Amino acid sequence: MAERDRVYGVTELAAEFDLTPQALRFYEEKGLLAPQRAGGRRVFTYRDRARLMLILKFRRVGFSLEQIAEYLAHYRSGRPSAGQYRDGLRKIRARLIELERMQSEIAEVIGELKAMEDDAERRLAACCLTPTCPTKTQDRPCPHRREMNRE
């Protein structure tokens, strides 16, 4: 049997992609997959498998189910079209812009947190150097110093 003629059962296809059968059912309910029936059971074709690969790829990079459905709507004919590629390119560019904005925001937050960490370490070190450190005794050094040295 040629690979393109092969059909996959729910459990088999789910296992191949490390999914649960419920995940496949979810994608069916959202109209992203449309398995056939064979002897009362749901079976997926080579085309369904390819669609699932696209769905998972788009999900991994953060596309919504609605965006995926829009893209796959162009794909129904089985023949790639310029409209499909234009739509995909628009979605990819929009997602890139969104992720780059998030990356910039994350870098800014990381910088702020590092500055806060440095300030807290300086304040703790200064506290431990003063004779008024409440946890320091004459015969025992400040326990905060040990904590700072462990990190």
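What counts as what
Residues numbered from 1 in each chain as written. Predicted model: local features only at pLDDT ≥ 70, side-chain atom pairs only at ≥ 80, totals over all residues. Heavy atoms only, no water. Phe/Tyr/Trp six-rings, centres within 6.5 Å; stacked < 30°, edge-to-face > 60°. Buried < 20%, exposed > 50% of the residue type's maximum accessible area, 1.4 Å probe, protein only. Salt bridge = Lys/Arg side-chain N within 4 Å of Asp/Glu carboxyl O. Helix = DSSP H or I, 4+ residues; strand = E, 2+ residues; numbered from the N terminus. Polar contact = N/O pair within 3.5 Å; in protein donor to acceptor, adjacent residues only side chain to side chain. Contact = heavy atoms within 4.5 Å. Core = buried A, V, L, I, M, F, W, Y, C linked by side-chain atoms within 4.5 Å. Patch = residues over 30% accessible without salt bridge, like charges linked within 9 Å, V, L, I, M, F, W, Y side chains within 5 Å. Areas by Shrake-Rupley, 256 points an atom, 1.4 Å probe, with all protein chains shown as cover. Pairing = 2+ DSSP bridges.

Colleague: Tell me about the packing of aromatic side chains, and name the residues and values.
Modeller: By the definition in use, this model includes three aromatic pairs. When the ring of Phe58 is compared with that of Phe63, the centres are 5.2 Å apart and the planes differ by 85°; the resulting orientation is edge-to-face. The exposure class of Phe58 is buried, given its relative accessible area of 14%. In this structure Phe63 comes out as buried when scored by relative accessible area, which is 5%.

Colleague: A description of the pattern of salt bridges should follow, citing residues and the corresponding values.
Modeller: Summed over the entire model, instances satisfying the criterion amount to 11 salt bridges. Residues Asp87 and Lys91 are paired through a salt bridge, measuring 2.7 Å at the closest nitrogen-oxygen approach. Placement of both Asp87 and Lys91 in helix α5 (residues 82-129) is noted, with a separation of four residues, approximately one turn of the helix. Among the charged side chains, a network of salt bridges with common partners joins Glu70, Asp87, Arg90 and Lys91.

Colleague: Tell me about the side chain of Glu28, and name the residues and values.
Modeller: Tracing the sequence through the fold places Glu28 in helix α2 (residues 21-29). Judged by relative accessible area, Glu28 falls into the buried class, the value being 15%. A polar atom in the side chain of Glu28 sits 2.8 Å from the side chain of Arg42. Among all residues touching Glu28, those that are not within four sequence positions of it are Leu33, Pro35, Arg42 and Phe44.

Colleague: Tell me about the nonpolar core, and name the residues and values.
Modeller: Within the largest apolar cluster, 18 residues are counted, with the highest numbers of intra-cluster contacts made by Leu24 and Ile68. Listed by contribution, the elements that provide at least two residues to this core are α1 (10-16), α2, α3 (46-60) and α4 (65-75). Considering each element in turn, this core owes the most residues, four residues, to α4. Ignoring sequence-local partners within four residues, the contact set of Leu24 consists of Val10, Leu13, Ala14, Leu19, Leu33, Phe44 and Leu52.

Colleague: Let's hear about a nonpolar patch on the surface: which residues, and what values?
Modeller: Together, Leu99, Met102, Ile106 and Ile110 give the surface a local cluster of nonpolar side chains, amounting to about 320 Å² of exposed area. Summarising the element assignment, Met102 is placed in helix α5.

Colleague: Summarise the sheet that holds strand β1 (residues 8-9); cite the residues concerned and give the values.
Modeller: Pairing is antiparallel in the open sheet, where three strands are placed in the order β1-β3-β2. Where the open sheet ends on each side, the last strands, each with one partner, are β1 and β2 (36-38). Bridge count between β2 and strand β3 (residues 41-44): three bridges; the pairing is antiparallel. By the bridge assignment for β3, Arg37 is matched with Arg42.

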